[in-house]
Amino acid sequence: MAMHEDESLIDFLKKKGIFKESRLRSLFSDFRNLYLKNPEGFKANIDTWKDAIETASFHNKLKSKLTVRFDEDLENSFFSSSFGKPLSLGVIASYLHEKGIWPKISEFLHVCKDPNLGSQSYFSLHSWIQWGSNIISSRLQRGIQFGSSYPSDILVLVKNVELLASLIRKEAHRLQSTYTSTIYTWSSFQSTFGPILWKDTILSSDELECLLQWMCHRMHLIVFDKDTIKFLPSDTQEGILETADKSIAAIMESRSSIYKSKDAVNQKIEDFSLRVQEAISKAEKLTALTYLRRKKILLKESERKEAALLQVDSLLSSIDEAFESKLLLSALSSGSEVLKSVVGQMGGIEHVNEILDSVQEAKLDFQEIDSAITATTAPEADVDTEELEKEWEDLIKEDKKEEDLTAMLNRVSLNPSSKPLPSSKGQLSKGTEPTMKEAEPSS
């Protein structure tokens, strides 16, 4: 059974593109000597195993998601029927630990809490300092290679911690709609985010501690203590847990407990219903009545728990409304101070009225000046009214002539007549055509 599971892990890493069939022999061999003989090959093998262990852990293929313990169980997890157990896991652990890429839990927690490191990547900075000291050490100068023994401490997979924290931030922002929805107990934190992000596994206390310390001190996403976890607004870099937050966490925990209890009662009710049906089918009246009584008792218990949930939900709703009112009052207070400041900068209402009066006087002065200028520059005109009337009548007559001419032209047809045109006025008056004799020219 173990063999099948081990092979499936290697197949999983092949599908992820981390393990290549052509490189498996080198990856499963003891490649300590490559550190000096072929540094590039050594580094390539280390990087591949780093990706393999981090990926397998994050996808719940190993015992933990955010940490790794190098032991016989880890060897067996990577057993291959073709190449056996990997022979260089101790080298991998020693190298990545000394580089600061996989620190011990105590080191990781100390670094997360260290405010002097700011937003710098400690593990990158630390790795260069520590690795540099190793390079110039006498052991490495003499060419003594890494040992194959495993570190006794659990190592933190920092990349996995950072990735999971980013996923939690995204999911938390999706779930947050009220003040109380930002507060969790440690257990409710696991039950809320676990089914979505780490599914069939449960984070150990060490893993959860590493995750929360990273989210608090490196991401400034939460504040927490041994009981309560509180998500901060996205634009907040600092925060504290108040007494109200702890009380809300206790209420949320009680609500979760009542909800789980109600689900258990409802499950029993369904079970009793099946037993009643079974007793009826067997004509066992006494048994059926017994289960019916127990079912009714549980129905009342379910109703009581439902009423309790409604009361808790009502209480949480009132708390959220109170916090919203507090925020509104805070905003109004800040807005009032801003308005007072702006009005003060404007000199108050009296100063504003003075400015408006001054503007009005300036406008009146301008209108008087404009009227004076217009009066002096306008041309004097003394035009006879009769002369204007005569010019108007001439324009009307001229317009009338144009209309008559247009009407006459519209009546003239441009198509040729079917009868020959007369050649003289006399013929036109007689209305007859000329005779042959009249048409002949005279000699």
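Residues numbered from 1 in each chain as written. Predicted model: local features only at pLDDT ≥ 70, side-chain atom pairs only at ≥ 80, totals over all residues. Heavy atoms only, no water.

Where an unreviewed UniProt entry is consulted, the protein chain appears under the name Vacuolar sorting protein, with the organism given as Schizosaccharomyces cryophilus.

Moving on to the packing of aromatic side chains. Under the counting rule described, the total for this entry stands at 21 aromatic pairs. Aromatic pair phenylalanine 42 and tyrosine 95: ring centres 5.5 Å apart, planes at 75°, arrangement edge-to-face. Of the two residues, phenylalanine 42 sits in helix α4 (residues 39-58) while tyrosine 95 sits in helix α6 (residues 89-98), which places them 53 residues apart along the sequence. For phenylalanine 42, a relative accessible area of 2% puts it in the buried group. Residue tyrosine 95 is classed as buried on the basis of its relative accessible area, which comes to 6%. Aromatic side chains tyrosine 184 and phenylalanine 231 sit 5.8 Å apart centroid to centroid with 80° between the ring planes, which places their arrangement in the edge-to-face category. Pair noted here: tyrosine 184 is in strand β3 (residues 183-185) and phenylalanine 231 is in strand β5 (residues 228-231), with a separation of 47 residues, a long-range link. You can call tyrosine 184 buried: its relative accessible area is 7%. According to the relative accessible area criterion, phenylalanine 231 is buried, its value standing at 2%. (Phe/Tyr/Trp six-rings, centres within 6.5 Å; stacked < 30°, edge-to-face > 60°. Helix = DSSP H or I, 4+ residues; strand = E, 2+ residues; numbered from the N terminus. Buried < 20%, exposed > 50% of the residue type's maximum accessible area, 1.4 Å probe, protein only.)

Before going further, it helps to spend a moment on the sheet that holds β3. One open sheet holds the 3 strands; their spatial order is β3-β5-β4, and the pairing between them is antiparallel. Both edges of this open sheet fall to β3 and β4 (222-224), since each of them pairs with a single strand only. Across the sheet, the mean angle separating the axes of adjacent strands is 20° when strand polarity is ignored. Sheet strands in contact with helix α11 (residues 186-198) are β3, β4 and β5, and its direction is about 105° off that of β3. (Pairing = 2+ DSSP bridges. Axes fitted to C-alpha atoms, helices over the stretch in contact; angles between N-to-C directions. Contact = heavy atoms within 4.5 Å.)

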